[in-house]
Amino acid sequence: MSIKERVFKKESLDRYLSEDGKFNKTLSAKDLISMGIGAVIGTGIFILPGTVAALHSGPAITISFVIAALVCSTAAMCYAEFSSALPIAGSAYSFGNVVFGEIVGWFLGWALILEYMLSVAAVSTGFSAYFNSLLAGFGIHLPKAITGPFDPANGTFINLPAVLIVLFIAYVLSRGLRTSMTINSIVVVIKIAIIILFLLVGMFYVKPANWDPFMPFGTKGVLVGAAQVFFAYLGFDVVASSAAEVKEPAKNMPRGIIGTLAICTLLYILVSIVLTGMISYTKLNVADPVSFALYAVKQNWVAGIISVSALAGMFTMMVTMVYSSSRLIYSIGRDGLLPKFLGQINEKTKTPEKSMLIVTVIIALTGGFFSLNQLTNLVNIGTLLAFMFVSLGVLPLRKRKDIPNKDGFKVPFYPVLPIISAILCAVMLAQLSLETWTAAFVWFAVGMVIYFSYGIKHSKINE
């Protein structure tokens with residue numbers, strides 16, 4: 001077998017189904033939507049509608065969100081078909097292994113490791129900042145030395161709140177998926193309740209005059225705004241990583257993925273309408289536009305509650321991403337491309353505890369000791385590459401006779417829609433900076449070194 005034939009050899013779906021069968025199938029469509037909303041709706045819902053409206057779209061930010069949702073929905077439908085046909089752990093990594101071959105699967109897995117872990121580490125530092133601000137409101141001030149990255153020159157050595165929240169989330173997830181999903185669902189309900197509170201209070205202060213002009217930056221501004229808010233939807237793809245633990249995946253996976261996108265789009269649009277109606281878009285280029293608007297109409301108590309929603313938003317996002325990270329690392333370990341102990345499932349809790357431990361340690365150390373401001377754009381590259389390959393992957397998936405998907409979801413307007421989805425993802429990738437691409441190149445180069453020095457030798461495909 002040539003090296004080309006070897007690296008593009010495809011994984012066996014039957015082996016995946018057999019090994020992933022050790023998971024408890026406990027998740028319903030409702031659980032998946034809760035997980036998806038937890039990942040997608042974070043602090044961005046209280047920031048993006050204001051700042052993008054001020055700089056790019058004006059009140060037409062609502063149209064920008066609709067356009068971004070339509071773009072995202074093309075990839076979402078491709079994920080829905082894959083998850084319905086291949087109810088296995090690992091999301092795009094495992095999908096790539098089955099339809100493209102091992103090296104493409106590894107490439108996507110390496111991209112997703114970057115997306116999942118880096119995003120949680122970055123959000124943990126944001127959670128720490130909000131938490132410290134909340135404590136300060138009660139007159140409690142943590143020592144400076146334990147509230148920032150390792151930077152002795154500025155008097156900080158570890159971001160302890162960031163480390164502790166990651167450890168707490170890992171503990172909750174280790175108790176079993178049912179328990180962690182219950183906690184996640186409760187916090188998601190609190191988060192949505194606070195968003196609805198803002199809408200109910202804010203609607204009484206809406207002045208239609210603030211919506212005129214509706215498109216001050218023209219059509220170009222609306223499209224630029226759509227590109228900016230596109231990243232607000234990233235996160236629904238993590239729902240696909242739970243496919244091995246879902247009841248009736250052929251029905252529930254599409255409902256979970258598409259339902260997440262529909263609900264999140266509605267919430268983004270409603271917040272945008274009320275926010276730009278409360279105060280002129282020209283005044284919304286601030287760090288906290290929703291709180292700014294509430295203070296402007298003398299609703300200080302609601303503005304205070306918004307900070308609680310911010311914490312709730314970051315908490316649910318981290319729960320979902322830590323969960324997805326552990327399933328991703330489990331999947332790669334299951335295939336032997338990383339040490340095989342990572343692919344083991346605890347017989348008692350039915351969770352991949354060893355992969356969870358590794359994920360927790362890496363994220364906690366990254367969030368606790370490093371400043372991540374320059375690295376968060378790498379999250380977008382990992383996500384968009386996964387979107388693009390999953391979209392293209394629908395083409396060979398549909399032709400596979402050994403992968404029945406009779407009752408599952410199928411992307412409409414095949415093969416046009418998957419191709420359009422891939423092209424749109426490529427366009428979004430082209431918007432990222434050269435600096436971001438350079439850092440990504442280094443990351444993928446390291447990944448290829450690991451694959452050819454370790455993964456290809458220990459892969460279960462060799463068996």
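Right, let's walk through the structure included here. In this text the structure is predicted, and so the values were computed from the model without any measurement.

About the criteria used
- Residues numbered from 1 in each chain as written.
- Predicted model: local features only at pLDDT ≥ 70, side-chain atom pairs only at ≥ 80, totals over all residues.
- Heavy atoms only, no water.
- Helix = DSSP H or I, 4+ residues; strand = E, 2+ residues; numbered from the N terminus.
- Buried < 20%, exposed > 50% of the residue type's maximum accessible area, 1.4 Å probe, protein only.
- Contact = heavy atoms within 4.5 Å.
- Disulfide = S-S within 2.5 Å.
- Patch = residues over 30% accessible without salt bridge, like charges linked within 9 Å, V, L, I, M, F, W, Y side chains within 5 Å.
- Areas by Shrake-Rupley, 256 points an atom, 1.4 Å probe, with all protein chains shown as cover.
- Salt bridge = Lys/Arg side-chain N within 4 Å of Asp/Glu carboxyl O.
- Expected span 1.5 Å × (residues − 1).

Here we look at the side chain of threonine 383
- With respect to the helices, strands and loops of the structure, threonine 383 is situated in helix α15 (residues 377–399).
- You can call threonine 383 buried: its relative accessible area is 0%.
- Among residues more than four places away in sequence, those in contact with threonine 383 are Glu115 and Leu234.

Details of unusual backbone geometry
- Residue aspartate 212 is joined to proline 213 through a cis peptide bond whose omega torsion reads 5 degrees.
- Locating proline 213 in the fold gives a position in the loop between α9 (177–202) and α10 (218–229).
- Positive phi values are uncommon outside glycine, yet glutamate 248 reaches one of about 45 degrees.
- Secondary-structure assignment places glutamate 248 in the loop between α10 and α11 (249–278).
- Residue glutamate 248 is classed as exposed on the basis of its relative accessible area of 52%.

A look at the state of the cysteines
- Counted according to the given criterion, the structure contains 0 disulfides.
- For the unlinked cysteine cysteine 78, the closest cysteine sulfur is that of cysteine 425, found at 8.4 Å.
- By relative accessible area, cysteine 78 is classed as buried at 0%.
- Cysteine 425 carries a free sulfur, and the closest cysteine sulfur to it, the one in cysteine 72, is 8.0 Å from it.

Details of helix α6 (residues 92–99)
- In terms of burial, α6 is a largely internal element, 8 of the 8 residues being buried.
- Among the residues of α6, Ala92, Tyr93, Ser94, Phe95, Gly96, Asn97, Val98 and Val99 are the ones counted as buried.
- Where α6 ends, the next residue or the one after it, glycine 101, has phi of about 125 degrees, a positive value.

Describing a nonpolar patch on the surface
- Taken together, the side chains of Phe150, Phe157, Leu357, Val361, Leu365, Phe369 and Phe370 present a nonpolar region at the surface, about 680 Å² in accessible area.
- Secondary-structure assignment places phenylalanine 370 in the loop between α14 (353–369) and α15.

Re helix α8 (residues 160–174)
- Taking 1.5 Å of rise per residue, the 15 residues of α8 would be expected to cover 21 Å, and the 21 Å separating its terminal C-alpha atoms lies within 8% of that figure.
- Along α8, the residues classified as buried are Pro161, Ala162, Val163, Ile165, Val166, Ile169, Ala170, Val172 and Leu173.

Side note on the environment of tyrosine 451
- Relative to the assigned elements, tyrosine 451 resides in helix α17 (residues 434–458).
- As for tyrosine 451 and valine 7, which are separated by 444 residues in sequence, their C-alpha atoms are 9.9 Å apart.
- If sequence neighbours within four positions are ignored, tyrosine 451 has contacts with Arg6, Val7, Glu102, Ile103, Trp106, Leu337 and Ile456.

Here's the deal with the pattern of salt bridges
- Under the definition given, this model contains 11 salt bridges.
- Put simply, glutamate 19 and arginine 15 hold a salt bridge, and the shortest N to O gap is 2.8 Å. Of this pair, glutamate 19 and arginine 15 both sit in helix α2 (residues 13–20), 4 residues apart, which is roughly one turn of that helix.
- With relative accessibility at 17%, the residue glutamate 19 sits in the buried group.
- Here aspartate 335 and arginine 15 are joined by a salt bridge, their closest N and O atoms 2.6 Å apart. Linking aspartate 335 in the loop between α13 (300–334) and α14 with arginine 15 in helix α2, this pair joins segments that are 320 residues apart in sequence. Accessibility assignment for this pair places aspartate 335 and arginine 15 in one class, buried.
- Through salt bridges that share partners, Glu11, Arg15, Glu19, Asp20, Arg334, Asp335 and Lys460 make up one connected network.

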